[in-house]
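# Examining the three-dimensional arrangement
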Amino acid sequence: MADLFPPFDPDAEQDTPEPRRRRFQAVPMRVLLPNLVTLLALCAGLTGIRMAIEGRLELALGAIVLAAVLDGLDGRLARLLQGTSRFGAELDSLSDFVCFGVAPGLVLYMWGLETLGSVGWIAALAFAICAALRLARFNVMLEDPNKPPFASDFFTGVPAPAGAICVLLPVYLELIGLPRLVASPAVAAAYCLAVALLMVSKVPAFSGKRLGARVPRDKVMPLFICVVLFVAVLVTWPWTVLSVICIGYLAALPFSAMRHAQLSRAYEARLAAGASVDAVPAGAAKDAPDGRSSHLN
């Protein structure tokens, strides 16, 4: 009789016959830990949906922010522990769609888009669909063997976690105390569609993958102090800090586009001059806003 619960094997190929294995095969903890973090992020996103349905928007926003933090950790943890796997990449993509596509759209709809009727629902639906398309495109682009060496420093379009945090800006503004005339449901619907289009666009966005990969010893203590202060400020004034982060991130997109154009021109000039330029291999580091290398964010 076939096993009801086959052994966990994240790298198994369904079409490839394998020799019979022993019934209970140990799986390294370094492979399990990143997937557990991904599942925690998924739980946070689903909890955010529940909180939105119950009308507890502040808890819903907190759950989505927590999911974004966990999504940023699982890929780095997988690479640090050398626990990347194809299973983890697929799991992370599905988690990202729920946490950063479905959950933000529903939170925004429950907040005020529902007053617009079908128009509000279309805006929320478009955001979720664009998040799915963005994740699918990101996974496909990993197979491109001809990426220029600077490609890993940029995302093509706004990544899903950043889009999820930014699309909720109208809710942050209302929680700060601004009247709905500033962020009315109609304005929020238009803003939601704009963020959705940014996710599926080809606008280059800084990835930050190499940020913090190596920290000089004399910068470690200042880094600790800055992180602690940031967390303290975020906990004390969460909606103000998130609003500033969203506005700053969107304002930085033109600068990332200009930087990408500058690097592209330099790269094409080197190719025209016949210089040897190494391309980024397929499956280059894939990080959390949307995934992780072979263990997606």
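Residues numbered from 1 in each chain as written. Predicted model: local features only at pLDDT ≥ 70, side-chain atom pairs only at ≥ 80, totals over all residues. Heavy atoms only, no water.

### Overview of the overall build of the protein
For the protein, the helix and strand inventory stands at nine helices and two strands. Of the regular secondary structure in the protein, the N- to C-terminal order runs α-α-α-α-β-α-α-α-β-α-α. Residue burial in the protein is summarised as follows: out of 297 residues, 40% are buried. Carbon and sulfur atoms form 69% of the exposed surface of the protein, whose accessible area is close to 16,500 Å². (Helix = DSSP H or I, 4+ residues; strand = E, 2+ residues; numbered from the N terminus. Buried < 20%, exposed > 50% of the residue type's maximum accessible area, 1.4 Å probe, protein only. Areas by Shrake-Rupley, 256 points an atom, 1.4 Å probe, with all protein chains shown as cover.)

### Here we look at the environment of Pro161
Position of Pro161 relative to the elements: it lies in helix H5 (residues 160-167). Take Pro161: its relative accessible area is 7%, and that puts it in the buried class. As a C-alpha pair, Pro161 and Asp71 span 90 residues in sequence and 8.0 Å in three-dimensional space.

### Some thoughts on the packing of aromatic side chains
With the rule as written, the count across this model stands at four aromatic pairs. Considering the side-chain rings of Tyr172 and Trp239, the 6.2 Å spacing of their centres and the 15 degrees angle between planes classify their relative orientation as stacked. With Tyr172 in helix H6 (residues 169-176) and Trp239 in helix H9 (residues 238-272), this residue pair connects regions lying 67 residues apart in the sequence. Of the two residues, Tyr172 and Trp239, neither departs from the other in class, the shared state being buried. (Phe/Tyr/Trp six-rings, centres within 6.5 Å; stacked < 30°, edge-to-face > 60°.)

### Let's talk about the nonpolar core
With 53 residues, the main nonpolar core has Val107, Leu108, Leu113, Ile165, Leu168 and Tyr172 as its most contacted residues. Contributions of two or more residues to this core are made by helix H1 (29-53), helix H2 (57-81), helix H3 (86-111), helix H4 (118-141), H5, H6, helix H7 (185-200) and H9. Top element by residues in this core is H3. It accounts for eight residues. Dropping the residues within four chain positions of it, Leu168 is found in contact with Leu61, Ile64, Pro104, Val107 and Leu108. (Core = buried A, V, L, I, M, F, W, Y, C linked by side-chain atoms within 4.5 Å. Contact = heavy atoms within 4.5 Å.)

### Section: the packing of H4 against H5
When two helices pack together, their arrangement is given by the angle between the helix axes and by the axis-to-axis distance. Orientation of H4 relative to H5, taken along the N-to-C sense of each, is 160 degrees, at an axis distance of 10 Å. One finds that H4 runs roughly antiparallel with respect to H5. Crossing angle aside, the handedness with which H4 passes H5 is right-handed. Here H4 contributes Phe127, Arg134 and Leu135 to the contact with H5, which in turn contributes Ala160, Gly163, Ala164 and Val167. Residues that form the contact of H4 with H5 fall into these classes: five nonpolar, one polar and one charged. (Axes fitted to C-alpha atoms, helices over the stretch in contact; angles between N-to-C directions. Parallel < 35°, antiparallel > 145°, perpendicular 65-115°, else oblique. Left-handed = near helix turned anticlockwise from the far one by under 90°. Nonpolar A, V, L, I, M, F, W, Y, C, P; charged D, E, K, R; others polar.)

### A word on the confidence of the model for the protein
Looking at the protein as a whole, its pLDDT mean stands at 80, while 79% of the residues score no less than 70. Below pLDDT 50 for its whole length, residues 279-291 participates in 65 contacts with residues either more than four positions away or in separate chains. In this model, residues 293-297 is a region of pLDDT below 50 whose contacts with residues beyond four sequence positions or in other chains number 44 contacts. (pLDDT = per-residue confidence, 0-100.)

### Considering the environment of Leu125
With respect to the helices and strands, Leu125 occurs in helix H4. Here Leu125 falls in the partly exposed class, since its relative accessible area comes to 39%.

### Points about a nonpolar patch on the surface
Judged by side-chain polarity, Val215, Met221, Leu223, Phe224, Val227, Phe230, Val231, Val235 and Ile245 come together as a nonpolar surface patch covering roughly 810 Å² of accessible area. A per-element tally of the nonpolar patch places helix H8 (residues 220-236) first, with seven residues. Along the polypeptide, Leu223 turns up in helix H8. (Patch = residues over 30% accessible without salt bridge, like charges linked within 9 Å, V, L, I, M, F, W, Y side chains within 5 Å. Salt bridge = Lys/Arg side-chain N within 4 Å of Asp/Glu carboxyl O.)

### Observations concerning the pattern of salt bridges
Tallied over the full model, the rule gives three salt bridges. Arg56 is paired through a salt bridge with Glu54; the nearest N and O atoms lie 2.4 Å apart. Among the residues examined, Glu54 registers a relative accessible area of 40% and is labelled partly exposed. When the shortest N-O distance is used, the salt bridge between Glu90 and Arg86 registers 2.6 Å. Of this pair, Glu90 and Arg86 both sit in helix H3, four residues apart, which is roughly one turn of that helix.

### Digging into H2
Along an α-helix, a turn takes 3.6 residues, which lines up residues three or four apart on a common side. Between the first and last C-alpha of H2 there are 36 Å, a value that for 25 residues agrees with the 36 Å anticipated at 1.5 Å per step. Two residues or fewer after H2 comes Gln82, characterised by a positive phi angle close to 55 degrees. (Expected span 1.5 Å × (residues − 1).)

### Details of the packing of H4 against H7
For the pair H4 and H7, interaxial distance at closest approach is 8 Å and the crossing angle is 10 degrees. Judged on the interaxial angle alone, H7 and H4 are roughly parallel. Across the interface between the two elements, Ala123, Ala124, Ala126, Phe127, Cys130, Ala131, Leu133, Arg134 and Arg137 from H4 touch Ala189, Cys192, Leu193, Val195, Ala196, Met199 and Val200 from H7. Residues that form the contact of H4 with H7 fall into these classes: 14 nonpolar, no polar and two charged.

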